[in-house]
Amino acid sequence: MLLEINDISKSFGGLTALQDITFSVEEGETLGVMGANGAGKTTLFSLIAGHAKLSRGTILLAGQQIDGLRPDQISALGVARTYQIVRPFRGLTVLENVAAGALYGSHQEKSMAKANQMAHEILTDVGLDDRANQPAGSLTLAGFKRLELAKALATGPKLLLLDEVMAGLTPNEVNEAIGIIETCKQKYNFTVIVIEHVMKALMRMCERIVVIHHGEMIAVGPPEEIAQDEAVIQAYLGAEK
Ligand SMILES: Nc1ncnc2c1ncn2[C@@H]1O[C@H](COP(=O)(O)OP(=O)(O)OP(=O)(O)O)[C@@H](O)[C@H]1O
Ligand SMILES: [Mg+2]
């Protein structure tokens, strides 16, 4: 198993954001995470990446316990995340943003020339290389999302955590994003956990989907099972009221 989440819980003061979550992710898998606003999805990524501390449970990466490590240590072990709220260095160019990723993470590239070369290659992969020298702040939403992906890829992930990289995109842009993620996955050989509200996208991309509702995991399984799961249907119909 590449990732093992063992009975984890997270509270913020009196609020329980996640409770008793257990699942694992196989190497090479694409696992989806679904759930309404505030369900605890982003919190799950913050715990895996070391940006928040567990209240209970353990997290193992390739058999090694990673909860308790610092974010930079977890990144060096090959975990990369994108942020739901994109945060590029707006004053830097698109290329510089991605090159910064190559200097960090598992690559920890020491040569700036090599980091730039790697950044160009990744920008080509995500279809942004023609914007390489523009300030990051000048990109469109779809561009920001691609830049987030490129920054994460530049760190050399074994496990890539994608937090709503398709939110706000047009159906056409969603299709393009799925294509980019799948092509990069083949090329760089990583495992993916993807949070999305776009259920159709999850259905297409994922081997299995985990459903979180009010901090609890209510279902896990292949997309076709999840689509027909009673608890999931209830939770989603309930959420629409
Ligand atoms: N740093 C924090 N301090 C206090 N409460 C937090 C913190 N981070 C998240 N929460 C709370 O934990 C719960 C889960 O939040 P989280 O961001 O994980 O949800 P989410 O499933 O990602 O939602 P969304 O779909 O809106 O992105 C929410 O009630 C949120 O307000
Ligand atoms: Mg979120």
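Everything numeric in this text was worked out from a predicted model, so none of it was measured.

Undergrad: So, the packing of helix H4 (residues 112-125) against helix H6 (residues 171-188): which residues are in play, and what are the values?
TA: Two elements in contact, H4 and H6, have axes whose closest approach is 10 Å; the angle formed by their N-to-C orientations is 135 degrees. With respect to their mutual orientation, H4 and H6 come out oblique. Between H4 and H6, the contacting residues are Glu121, Ile122 and Asp125 on the first element and Ile180, Cys184, Lys187 and Tyr188 on the second.

Undergrad: Pulling in residues and values, what's your account of the site of ligand 1?
TA: Near ligand 1 you find 14 residues, and of these Gly38, Lys41, Thr42, Thr43 and Gln84 are the closest. Here an oxygen atom of ligand 1 and a backbone polar atom of glycine 38 are 2.8 Å apart. At a separation of 2.7 Å, an oxygen atom of ligand 1 approaches a polar side-chain atom of glutamine 84. Among the secondary structure elements, those contributing two or more residues to the shell around ligand 1 are strand S2 (15-25) and helix H1 (41-49). Ranked by residues supplied to the shell around ligand 1, first place goes to H1 with 3 residues. Grouping the amino acids of the shell around ligand 1 by side-chain chemistry returns 5 nonpolar, 7 polar and 2 charged.

Undergrad: Describe H1, naming the residues involved and giving the relevant values.
TA: Burial analysis of H1 places 8 of its 9 residues in the buried class, the great majority of the element. Looking at H1, one finds that the buried residues are Lys41, Thr43, Leu44, Phe45, Ser46, Leu47, Ile48 and Ala49. Remark: glycine 50 follows H1 within two positions and exhibits a positive phi of approximately 85 degrees.

Undergrad: Could you give an account of the coordination of the magnesium ion (ligand 2), naming the residues involved and the relevant values?
TA: At this site the magnesium ion (ligand 2) is bound by Thr42 (OG1) and Gln84 (OE1), with donor distances of 2.0 to 2.3 Å. Of this pair, threonine 42 sits in helix H1 while glutamine 84 sits in the loop between strand S6 (79-81) and helix H3 (94-103); the two residues are 42 residues apart in sequence, bridging distant segments of the chain. Taking relative accessible area as the criterion, threonine 42 reaches 28% and is therefore assigned partly exposed. A relative accessible area of 34% means that glutamine 84 is categorised as partly exposed.

Undergrad: Tell me about the pairing of strand S7 (residues 159-163), residues and numbers included.
TA: By the criterion of burial, S7 is predominantly enclosed, with 5 of the 5 residues buried. Going residue by residue along S7, you find Leu159, Leu161 and Asp163 tucked away on one face and Leu160 and Leu162 tucked away on the opposite face as well. Here S6 pairs with S7 via 3 bridges, running parallel. Bridge pairing links valine 79 to leucine 159 in S7. The pairing of S7 with strand S8 (residues 191-195) spans 5 bridges and is parallel. Paired with aspartate 163 across the two strands is isoleucine 195, which belongs to S8.

Undergrad: Residue-level account of unusual backbone geometry, with values.
TA: For aspartate 20, which is not a glycine, the phi torsion comes out positive at approximately 50 degrees. Relative to the helices and strands, aspartate 20 is located in strand S2. Phi angles above zero are rare outside glycine, and alanine 62 is one such case at about 45 degrees. Within the secondary structure, alanine 62 is located in the loop between strand S4 (56-61) and strand S5 (64-65). Residue class for alanine 62 comes out exposed when judged on its relative accessible area of 55%.

Undergrad: Describe in detail the nonpolar core, supporting the description with residues and values.
TA: Grouped together as the largest cluster of nonpolar side chains are 48 residues, with contacts concentrated most on Leu123 and Met166. The set of elements that each furnish at least two residues to this core consists of H3, H4, helix H5 (141-154), S7, H6, S8, helix H7 (199-205) and strand S9 (208-213). No other element matches H5, which puts 8 residues into this core. Residue contacts for methionine 166: discarding those within four places in its chain leaves Val174, Ala177, Ile178, Ile181, Glu196, Ala201 and Met205. Residues Phe23, Val25, Val33 and Ile193 belong to the second largest nonpolar core, which totals 27 residues.

Undergrad: Mind laying out the packing of aromatic side chains, listing which residues take part and the relevant values?
TA: Using the criterion set out here, one finds 0 aromatic pairs in the structure. Stacked on the ring of tyrosine 83, the Lys or Arg arginine 87 has its end atom at 4.0 Å from the ring centre. One residue, lysine 151, lies across the ring of phenylalanine 89, its end atom 5.8 Å from the ring centre.

Here is what the cut-offs are and how they apply
Residues numbered from 1 in each chain as written. Chains lettered and ligands numbered in written order. Predicted model: local features only at pLDDT ≥ 70, side-chain atom pairs only at ≥ 80, totals over all residues. Heavy atoms only, no water. Axes fitted to C-alpha atoms, helices over the stretch in contact; angles between N-to-C directions. Helix = DSSP H or I, 4+ residues; strand = E, 2+ residues; numbered from the N terminus. Parallel < 35°, antiparallel > 145°, perpendicular 65-115°, else oblique. Contact = heavy atoms within 4.5 Å. Near = heavy atom within 4 Å. Polar contact = N/O pair within 3.5 Å; in protein donor to acceptor, adjacent residues only side chain to side chain. Nonpolar A, V, L, I, M, F, W, Y, C, P; charged D, E, K, R; others polar. Buried < 20%, exposed > 50% of the residue type's maximum accessible area, 1.4 Å probe, protein only. Donors = N, O, S within 2.8 Å, 3.2 Å for Na, K, Ca; no water. Pairing = 2+ DSSP bridges. Core = buried A, V, L, I, M, F, W, Y, C linked by side-chain atoms within 4.5 Å. Phe/Tyr/Trp six-rings, centres within 6.5 Å; stacked < 30°, edge-to-face > 60°. Lys NZ or Arg CZ within 6 Å of the ring centre and 35° of its normal.

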